[in-house]
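Chain and residue survey
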Amino acid sequence: MRSRSNSGVRLDYYQRIVHRLILAHQEPVTGLFPASNVNSHAWIRDNVYCILAVWGLSMAYKKIADQDEDRAKCYELEQSCVKLMRGLLMAMMNQKDKVEKFKMTQSPYDSLHAKYSSKNGLPVVGDNEWGHLQIDAVSLYLLILAQMTASGLQIVFSLDEVSFIQNLVFYIESAYSIPDYGIWERGDKTNHGEPELNASSIGMAKAALEAMNELDLFGARGGPASVIHVLADEAHKCQAVLQSMLPRESNSKELDSGLLCVIGFPAFAVDDAQLIHNTKDAILSRLQGKYGCKRFLRDGYRTPKEDPSRLYYERWELRMFENIECEWPLFYCYLILFHAFQSDKRAVEEYASRLEKIMVRSEDGILLVPESYAVPQDLVGFEYQKPGSQTREVVGRCPFLWGQSLFILGRLLQEGFLAVGELDPLNRRLGAQKKPDVVVQVVIIAEDNEIRDKLAEHDLHVQTIAEVAPIEVQPARVLSHLYTYLGRNRKLGLSGRKSRDVGILSTSKLYSLKDRIFAFTPQFADLSRFYIASDNELMIDILKGEINFLKSAWDLLGRPLVTLVLKRIHLDQDKIPLAMIQTMRKLKSGYINGTRVMLGSLKDFLNTSAITDLSFLGSTEDGYPDRLHPDVQTYLDEHLLRSFSNRSTMNLRGGQLRPRTLRRRMSCKGAIKKTRSINVDSDNLGMEGPSPLTERRLSSIVPPPWLQANKQSHVSVFATTPEEGPTSSPLNLGNELIRENIYPVDPHHSRSAIDRRSEFVRQQEITVPKILIQRHRAETNFADTEVEELIAMLRETENLEEQGDILQYLVDTQGLDFNTGMLEEGRVVTVRDLLKGLYEKACQQKLWGLVRHTAGMLGKRVEDLAKAVTDLLVRQKQVTVGMPPNNEYTITAPLPEVELRQLIHDAYGDDESTAMLTQELMVYLAMFIRTEPQLFHEMLRLRVGLIIQVMAKELSRTLNCDGEEASEHLLNLSPFEMKNLLYHILSGKEFAVSSVARGNLSIVSCKSSRVSKKSQIGLGDPEGEDALIATIDDRQGQWLRRRRLDGALNRVPRDFYSRVWTVLEKCQGLAIEGRVLQQSLTQEMTPGELKFALEVETALNQIPQPEYRQLVVEALMVLTLVTEHNMVPSLGGIIYVEHLVHKANQLFLEDQRKVQGDATLCCAKIKDGKEQQQAASGMLLCGGAAYICQHLYDSAPSGSYGTMTYMSRAVALVLDCVPKHGEMECAIS
């Protein structure tokens, strides 16, 4: 017999260790590992980590297998891995009903269990007796399953198991929006059983989704049926959320050592090298100790101060655990692997030597990794005084198999038995390397020959849908339907994919199905979805955004391919819109917004695009894998016939106007405008007094120019009566931004009294089937004939705005389902049908105010609303809707579409237009946070109601018009201009407004400083005379405007919240607008914790006026400077922050009197009796909010007359603790 080589001997040594420490505990029946000798529960996560050492050792043997017994050892070790992975698979498959249910409910009680019995694989605790929802555990299982399969192990045996694993992929695919209990099974760190979004779970899910994509579970021997499919967009969403969270772990844990497994082995989930570095540094600087790393700050687990008799902690006792948290050697094992993969030998050696010092030797000399080290009970006092000084003792299991397994892997790597690539056969570790630039391929297809010829006139040559055959072009919704067949399995009772969403990454591939090839148009181009799809400029803007997104997010083989179909419905008065032609020319040039593009035809790109096989659509379960599933066959056949046919729209045109109806039309005029509720003119934004619904409405003064087409309709005063409440129509769920009372006005009355009404509107109560509408009226002379006359008028008028007013009136009196008596193709036409026709026409004619209103009345909702809100929430931004302070609702967790729609409706009452605008703005905010997250830095809550008010206020400032007109202009902005205006407000850029055709406005950036001083506006006035150009000097009001924007957007200085924490530590509390932040908050929460930031934010949000809120933030910043420079040991009792602001205002006014400044015209006047009275009634002459002079709001922060100077003086005067006399160094940066 040959003698063993040295390496063979050394491997045999490791094999003995692995056998004795790990394999000896493996249960022979199930293959699972029990937690310890006394606890037979098997955790998914610990089991997967335990087996990694066995898998690593098997691969080391495979390399030196020169003798039969080595091959036998290798096989034996491999089969132990297979046995364990299958044991976990069986345990999870027993709970297949839960997987099915969880896809729908995402409830913690429907989740797979986190641990099973190691004896028989059955559940060991009830659904609600444990924090079972741990997405990272299921994800880790899938990730290691993929890596082991790629290394050549055969773990999955049957197609039923394949479809179960496909459903596990659906189970984790929404990880970015599902709060779970996380790697430590705790959720919120107070351990009250509240799940939260955990970065470590999202990272692990992203890694699993990427590893599983297009993986054949039968290895080299499999076929199309055993391949797992993942929609690339889901993995990318996880990545985006992960990047926005790191280095934060969750709302309550500002940092967690568990993130080491996400930034390094095994997940390698982060692509950005800088972010990996920052996260690791944060963990090392704040959590590393002599004995390993702490799991997270204030972790009470196994500390001597923990009360073992109860599961949860009181909020106030978390402070006790500071500096005495247990330290876990496990994290040194992670760090060794992290640096081994970075091939940083020095760091590997450093951590290996640190680890060896804290390992425990067993009787037979084997080094064991203990679970954790705690401070002994009697040394706690010394440890508090000098953290890290005391000797700790081992607590918990020893050996701790999770750590031991990773330690052995580290040793195998260090001694050269394994190369890093063998532990990562899927090459995930290369994710953070720089990739070459992506070239985006764009194909434009014409709907028919006519459009093709129109494009040819502009030297743009494209094919029609018919010409690209045999490739078939379909809308994205077809792809989303096909994906619902993925993972269906009758035997297991699994139903396939539930989410209907397919993102741009999925539609940028070609799909093959038997001998057919499909190309799909992107989801945003689906016109049936929402009115913003009929704004060509916005669609082009979204397209540019998506191309830019593909440049950074595409990581599949081949190039991304964007297919667009130009349809008749895109034409503008039978011409192709100029914006589209310009964009196509740009695409043709090869570059668009810095991204390389190629414009070509589909057949040119066949060889360079990614192609996915839709083989899962075969009827495998019926034994015909080569035949299409019968349902799919019928769906495709039907769909191909109608996917690109146009619907006819209803025609309302009749003959010429008859004089009899003129009077009647006048009386409906303005029905729409009376529903509006954006408030601009009141000086304190959003302060509307006690009864929000009645006083929130404004009366409309100036109708838009196109309403004044016929000279008879020059009446432009619509009054609002206070007694009218919200329209009580349950079907009215969607009136949009249009704000008029339903009482039209008669031209023959004087213009002052509220009771001007034309005869036929004085009805009392009309009972309509389904709806009861009450109006406070005196007489009723409104019979059926009136409705008939209205409908006759409706047929005759060409003016869409008039049709809108008539229909609004009909809806309010008769209801949406009222039968109008008209017939179309033998069907009865209801008011709803007429509204739909009007909506479609308004979309074509681009009358956006009318579009928003009718969309609202029809109850349309933005398709992606729930997705948009989720996009904002998962990036740790809360959203509020409604006008502050009385009607603001905060959304803190993802809601289903219907509930969101209802919530927004409740927030705005019957102002359908603003409700619709809110939905629209949420979609734009979500677009921005995906593409330009830096706009949202230091903003925690997005208050959509305030943003709408500020948008209207900015328009009224730029256009120099009153609030009523401004909100009218706002509602008539096209979706593209609306998004543009929102962008300018978010980024704080100066803008000007110029007038375009049809009275629409266009927002332009002012780049040069010359323009930004003057805002130039060209607006045709209603009579159509020469355009009037107003130039306003903008330097005045610059700081006021900035404070107003920052206040409305809730922007705060960097590290603001953690600095407020230090102030709170030094005083007993901070009072803001009646809310007191107690000092005890510092006991419950760490400075960087998101929960603390939200507490401060909630207090600041009590302040309704944005500019006043900003001054309060500045006052808090001055207080932080006082504490940071340690001027005083303590700030005393409760500090009333507003007192500081008002004191600063007094000092400012005194100075103004001395130097005869601007404020002497208003607040600093020498007061006489009349003014005293005026000030008492709450009105400042200058209109400053909250009794603070307007001129203080408009002062720069720095300088001798700056706000910070006055704040500092106020702090010195108000707080007793700051010395009054003597020299004090006062430098304001």
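Residues numbered from 1 in each chain as written. Predicted model: local features only at pLDDT ≥ 70, side-chain atom pairs only at ≥ 80, totals over all residues. Heavy atoms only, no water.

In this section: a nonpolar patch on the surface. On the surface, Val-1076, Ile-1134 and Tyr-1136 cluster together to form a nonpolar patch covering roughly 240 Å² of accessible area. Its location among the elements puts Tyr-1136 in strand 35 (residues 1132-1136). (Patch = residues over 30% accessible without salt bridge, like charges linked within 9 Å, V, L, I, M, F, W, Y side chains within 5 Å. Areas by Shrake-Rupley, 256 points an atom, 1.4 Å probe, with all protein chains shown as cover. Salt bridge = Lys/Arg side-chain N within 4 Å of Asp/Glu carboxyl O. Helix = DSSP H or I, 4+ residues; strand = E, 2+ residues; numbered from the N terminus.)

This next bit is on the sheet that holds strand 14 (residues 510-513). Spatially, four strands are ordered 11-15-14-19 in an open sheet, and the strand pairing comes out mixed. Two strands lie at the open edges of the sheet, namely strand 11 (471-474) and strand 19 (611-613), each paired on one side alone. Ignoring strand direction, the axes of neighbouring strands in this sheet form an average angle of 30°. Bridging between strand 14 and strand 15 (residues 516-520) involves four bridges; their strand directions are antiparallel. Bridging from a neighbouring strand, Leu-510 pairs with Ala-519 of strand 15. (Pairing = 2+ DSSP bridges. Axes fitted to C-alpha atoms, helices over the stretch in contact; angles between N-to-C directions.)

What follows deals with helix 25 (residues 800-814). With 15 residues, helix 25 should cover 21 Å at 1.5 Å per step; its first-to-last C-alpha distance of 20 Å lies within 8% of that length. Burial analysis of helix 25 places 15 of its 15 residues in the buried class, the great majority of the element. Following helix 25 by one or two positions, Gly-815 has its phi on the positive side, about 95°. (Expected span 1.5 Å × (residues − 1). Buried < 20%, exposed > 50% of the residue type's maximum accessible area, 1.4 Å probe, protein only.)

Okay, the nonpolar core next. Counting residues in hydrophobic clusters, the biggest one holds 148 residues, and the most contacted among them are Tyr-141, Leu-142, Leu-145, Met-212 and Leu-406. Dropping the residues within four chain positions of it, Leu-406 is found in contact with Tyr-49, Leu-52, Phe-265, Leu-330, Cys-333, Tyr-334 and Leu-337. Core analysis: the second largest hydrophobic core is formed by 127 residues, Leu-800, Ala-907, Leu-921 and Phe-936 among them. (Core = buried A, V, L, I, M, F, W, Y, C linked by side-chain atoms within 4.5 Å. Contact = heavy atoms within 4.5 Å.)

What follows covers helix 38 (residues 1090-1100). Counting buried positions along helix 38 yields nine of 11 residues, so the element is predominantly enclosed. Listed as buried for helix 38 are Leu-1090, Lys-1091, Phe-1092, Ala-1093, Leu-1094, Val-1096, Glu-1097, Ala-1099 and Leu-1100.

So, on to the packing of aromatic side chains. Summed over all chains, the structure comprises 25 aromatic pairs. Between Tyr-49 and Tyr-334, the ring centres sit 6.1 Å apart and the planes meet at 85°, which makes this aromatic pair edge-to-face. Taken together, the positions of Tyr-49 in helix 2 (residues 44-63) and Tyr-334 in helix 11 (residues 330-341) put the pair 285 residues apart, joining distant regions of the chain. No difference in accessibility class separates Tyr-49 from Tyr-334, as the two residues are buried. Taken together, a centroid distance of 5.0 Å and an interplanar angle of 10° make the contact between Tyr-49 and Trp-402 stacked. One end of the pair, Tyr-49, is in helix 2; the other, Trp-402, is in helix 14 (residues 401-414), with 353 residues separating them in the sequence. Assigned by exposure class, Tyr-49 and Trp-402 land together as buried. (Phe/Tyr/Trp six-rings, centres within 6.5 Å; stacked < 30°, edge-to-face > 60°.)

This part covers the sheet that holds strand 27 (residues 889-891). One open sheet holds the three strands; their spatial order is 27-26-28, and the pairing between them is mixed. Edge positions in the open sheet fall to strand 27 and strand 28 (941-943), since each of these has one partner strand only. Each strand of the sheet is rotated relative to its neighbour by a mean of 25°, with strand direction disregarded. Note: strand 26 (residues 878-881) against strand 27, three bridges, orientation antiparallel. Looking at the pairing, Val-881 lines up with Tyr-889 of strand 27. Contacting strand 26 and strand 28, helix 31 (residues 944-959) crosses the sheet at an angle of about 50° to strand 28.

With that out of the way, let us pick up the packing of helix 1 (residues 6-21) against helix 14. Helix-helix packing: each pair is described by the crossing angle between the helix axes and the interaxial distance. Viewed as axis vectors pointing N to C, helix 1 and helix 14 meet at an angle of 175°, and their least axial separation amounts to 12 Å. It follows that helix 1 is roughly antiparallel to helix 14 by the angle criterion. For the pair helix 1 and helix 14, contact is made by Arg-10, Leu-11, Tyr-14, Ile-17, Val-18 and Leu-21 and by Leu-401, Gln-404, Ile-408, Arg-411 and Leu-412, respectively. The residue makeup of the contact of helix 1 with helix 14, split by class, is eight nonpolar, one polar and two charged. (Parallel < 35°, antiparallel > 145°, perpendicular 65-115°, else oblique. Nonpolar A, V, L, I, M, F, W, Y, C, P; charged D, E, K, R; others polar.)

Another point: the environment of Arg-298. If you trace the backbone, Arg-298 turns up in the loop between strand 4 (292-293) and helix 11. Between the alpha carbons of Arg-298 and Asn-323 there is a distance of 7.5 Å; along the sequence they are 25 residues apart. For Arg-298, the residues in contact, after removing those within four places along its chain, are Lys-189, Leu-318, Arg-319, Phe-321, Glu-322, Glu-325, Trp-1061, Thr-1082, Gln-1083, Glu-1084, Met-1085 and Thr-1086. There is a polar contact of 2.9 Å between the side chain of Arg-298 and the backbone oxygen of Gln-1083. (Polar contact = N/O pair within 3.5 Å; in protein donor to acceptor, adjacent residues only side chain to side chain.)

What follows is about the pattern of salt bridges. Throughout the structure, instances matching the rule amount to 67 salt bridges. A salt bridge links Lys-294 to Glu-325; the nearest nitrogen and oxygen atoms lie 3.3 Å apart. Highlighted residues: Lys-294 in the loop between strand 4 and helix 11 and Glu-325 in the loop between strand 4 and helix 11, separated in sequence by 31 residues. Owing to a relative accessible area of 1%, Glu-325 belongs among the buried residues under this scheme. With its nearest N and O atoms 2.8 Å apart, the salt bridge here joins Glu-322 to Arg-298. Of the two residues, Glu-322 is situated in the loop between strand 4 and helix 11 and Arg-298 in the loop between strand 4 and helix 11; the sequence distance between them amounts to 24 residues. Exposure remark for Glu-322: the relative accessible area of 26% places this residue in the partly exposed category. Several salt bridges share partner residues, and in doing so they unite Glu-173, Glu-234, Lys-237, Arg-497, Asp-501 and Lys-867 into one network.

So, on to the packing of helix 19 (residues 536-553) against helix 33 (residues 975-987). Between helix 19 and helix 33, whose axes approach to 6 Å, the crossing angle comes to 55°. Between helix 19 and helix 33, the angle falls in the class oblique. Contact residues: Glu-537, Leu-538 and Asp-541 in helix 19; Pro-975, Phe-976, Glu-977 and Lys-979 in helix 33. Across the contact of helix 19 with helix 33, the residue classes break down as three nonpolar, no polar and four charged.

Alignment of strand 24 (residues 819-824) against strand 25 (residues 827-830), held across three bridges, turns out to be antiparallel. Within strand 25, the residue paired with Asn-819 across the bridge is Thr-830. Here strand 24 folds back onto strand 25 in antiparallel fashion, the turn holding two residues, of which Glu-825 has a positive phi close to 50°.

What follows concerns the environment of Phe-102. Tracing the backbone through its elements, the reader meets Phe-102 in helix 4 (residues 96-105). Owing to a relative accessible area of 1%, Phe-102 belongs among the buried residues under this scheme. Here the alpha-carbon distance between Phe-102 and Leu-112, two residues 10 residues apart in the chain, equals 8.5 Å. Beyond its immediate sequence surroundings of up to four residues, Phe-102 is in contact with Ser-107, Asp-110, Ser-111, Leu-133, Tyr-171 and Ile-178.

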